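# Chain and residue survey
Listed below are the residues making up each chain.
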Amino acid sequence: MAMARTNGLEEALLGKLKEEDEEVTTTGEESKEEENNEKEEEEAENEEDEEESNEEEDNEQESVKHKLARAYRDLLLCMTEEISFGIVESARSRRCPESDPALAWSKLNKKYCATTPANQVMLKQKFHNSRLGNATVDPDAWINSLEEIKQDLANAGVPMTEQDLMIHILSFLPTEYSITVELAESRLGDPKDPLTLDQLREMLNNKFQQMNAKEESGQENETALMAQQGPKPFKGICYKCGKYGHKGADCRSGNNFRNNNNYNQNNYANGPRKRFNGICNYCGICGHKEVD
């Protein structure tokens, strides 16, 4: 009996150990399977992230290409001279084999914004020779052209202050702006209320509009006066009656001055009259006088 019990205990213990081994084996296999699954998921996620990053890079490259192409087209549209158009059109590089707007802009700067002494002298002369010689020209357009030259000078390494620009404007205005110039000069350097370029623009524009309004009003008054006075009197001789002060078309006399016998006798008393080779003062036709 004791032996039988011992054998039973051993068998039970061995069975239990066997079950535990099986459980450990199963658990190990499950853990390995879970690890493999996790690795596969991580690899799949990494692949997705890599694909997304590649796609983003491709999109960014396409966006950059689109922006470069648009900038190149805009530069071409802005070129109004054959030389500048050729500079932009020929701007190509390894980075942008079809069109390189950055290279085109660099070449344009070297051509038109050079910092050489010759370019600086040319721009200074252009600025000095620019003036508003005619009061009928809008001063705002003239100031815009001066500001463009000022910017070109700054790009060429010769900066100019706003006060220098205003001094030039006030120095080269027509005499019609004399009162406006005096008012502006009184404020040009005033520490309390200094004159700005925008304020000077407004003053000149107001004066320009006033002069235009007066000119239009004067023309209207002159037209109205002429309408009241009627047509100017005719300063010639009527070819029908021979009287001074009206035309033949307006003559009320029934006499025909050309067919009058006295007229013919007076003119041919001393023989045939020589042909007049000058120009008529009335009709401008050669061969007769105004009296004829």
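Residues numbered from 1 in each chain as written. Predicted model: local features only at pLDDT ≥ 70, side-chain atom pairs only at ≥ 80, totals over all residues. Heavy atoms only, no water.

## Considerations on the overall build of the protein chain
Secondary structure assignment for the protein chain yields 9 helices and 0 strands. Listing each helix as α and each strand as β along the protein chain from the N terminus yields α-α-α-α-α-α-α-α-α. Sequence separation of at least 24 residues holds for 47% of the intrachain contacts in the protein chain that already meet a minimum separation of 6. Accessible surface, the protein chain as shown: approximately 22,400 Å² in total, 49% of it carbon and sulfur. (Helix = DSSP H or I, 4+ residues; strand = E, 2+ residues; numbered from the N terminus. Contact = heavy atoms within 4.5 Å. Areas by Shrake-Rupley, 256 points an atom, 1.4 Å probe, with all protein chains shown as cover.)

## A look at the nonpolar core
Counting 28 residues, the largest nonpolar core has Trp-142, Ile-169, Leu-173, Tyr-177 and Leu-200 as the members making the most contacts within it. Of all elements in the fold, only helix H4 (117-129), helix H5 (139-155), helix H6 (162-171), helix H7 (178-187) and helix H8 (197-229) reach the threshold of two or more residues within this core. Other than its neighbours up to four places away in sequence, Tyr-177 contacts Leu-132, Ala-135, Val-137, Pro-139, Leu-204, Lys-207, Phe-208 and Met-211. Of all hydrophobic cores here, the second largest spans 9 residues; its members include Met-79, Ile-87, Ala-91 and Leu-108. (Core = buried A, V, L, I, M, F, W, Y, C linked by side-chain atoms within 4.5 Å. Buried < 20%, exposed > 50% of the residue type's maximum accessible area, 1.4 Å probe, protein only.)

## Observations concerning helix H3 (residues 101-112)
Helix length check: H3 (12 residues) gives 16 Å between terminal C-alpha atoms against 16 Å at 1.5 Å per residue, within 8%. Taken as a whole, H3 has its buried residues at Pro-101, Ala-104 and Leu-108. The arc that holds every buried residue of H3, seen down its axis, measures 55 degrees, which confines them to one face. Two or three places before Ala-102, at the opening of H3, Asp-100 has a side-chain oxygen 3.2 Å from that residue's backbone nitrogen. (Expected span 1.5 Å × (residues − 1). Arc of directions from axis to C-beta. Polar contact = N/O pair within 3.5 Å; in protein donor to acceptor, adjacent residues only side chain to side chain.)

## With respect to the side chain of His-168
Assignment of secondary structure puts His-168 in helix H6. A relative accessible area of 6% means that His-168 is categorised as buried. If near-sequence neighbours (up to four positions away) are discounted, His-168 is found in contact with Phe-127, His-128, Ser-130, Trp-142 and Leu-146.

## Section: the side chain of Ser-130
Its location among the elements puts Ser-130 in the loop between H4 and H5. Only 3.1 Å separates the side chain of Ser-130 from the side chain of Trp-142, close enough to count as a polar contact. Every residue in contact with Ser-130, bar those within four places of it in the chain, is listed here: Trp-142, Ser-145, Leu-146 and His-168.

## Looking at the pattern of salt bridges
Side chains carrying opposite charge are able to pair once their charged atoms draw close together. One pass over the structure, following the stated rule, counts 3 salt bridges. Arg-201 is paired through a salt bridge with Asp-140; the nearest N and O atoms lie 2.2 Å apart. In this pair, Arg-201 sits in helix H8 while Asp-140 sits in helix H5, placing the two residues 61 residues apart along the sequence. Taking the relative accessible area as the measure of exposure, Asp-140 reaches 23% and is therefore partly exposed. We note a salt bridge from Arg-187 to Asp-193, for which the minimum N-O separation is 3.2 Å. A residue is classified by how much of its surface remains accessible, and Arg-187, at 22% relative accessible area, is partly exposed. Asp-193 gets classed as partly exposed once you look at its relative accessible area, which sits at 40%. (Salt bridge = Lys/Arg side-chain N within 4 Å of Asp/Glu carboxyl O.)

## Examining helix H2 (residues 82-89)
Listed as buried for H2 are Ser-84, Ile-87 and Val-88. End-on view of H2: buried residues confined to an arc of 95 degrees, all on one side of the axis.

## Description of the packing of H2 against H3
Where H2 meets H3, the axes come as close as 8 Å, and the angle between the chain directions of the two elements is 145 degrees. The chirality of how H2 crosses H3 is right-handed. Contacts between H2 and H3 involve Ile-83, Ser-84, Ile-87 and Val-88 from the former and Ala-104, Lys-107, Leu-108, Lys-111 and Tyr-112 from the latter. A breakdown of the residues in the contact of H2 with H3 according to their chemical character gives 6 nonpolar, 1 polar and 2 charged. (Axes fitted to C-alpha atoms, helices over the stretch in contact; angles between N-to-C directions. Left-handed = near helix turned anticlockwise from the far one by under 90°. Nonpolar A, V, L, I, M, F, W, Y, C, P; charged D, E, K, R; others polar.)

## Section: the confidence of the model for the protein chain
Across the protein chain, the average pLDDT comes to 76, with 69% of residues at or above 70. By mean pLDDT, helix H9 (residues 261-268) is the weakest element of the protein chain at 45, and H6 is the strongest at 94. Counting interchain partners and residues more than four positions distant, the pLDDT-below-50 stretch residues 260-272 has 7 contacts. (pLDDT = per-residue confidence, 0-100.)

## Things to note about the packing of H5 against H6
The contact between H5 and H6 brings their axes to 11 Å, and the two run at 140 degrees. What the angle tells us is that H5 and H6 run oblique. When the axes of H5 and H6 are compared, the crossing they make is right-handed. Here Trp-142, Ile-143, Leu-146, Glu-147 and Lys-150 of H5 lie close against H6, whose contacting residues are Glu-162, Leu-165, His-168 and Ile-169. (Parallel < 35°, antiparallel > 145°, perpendicular 65-115°, else oblique.)

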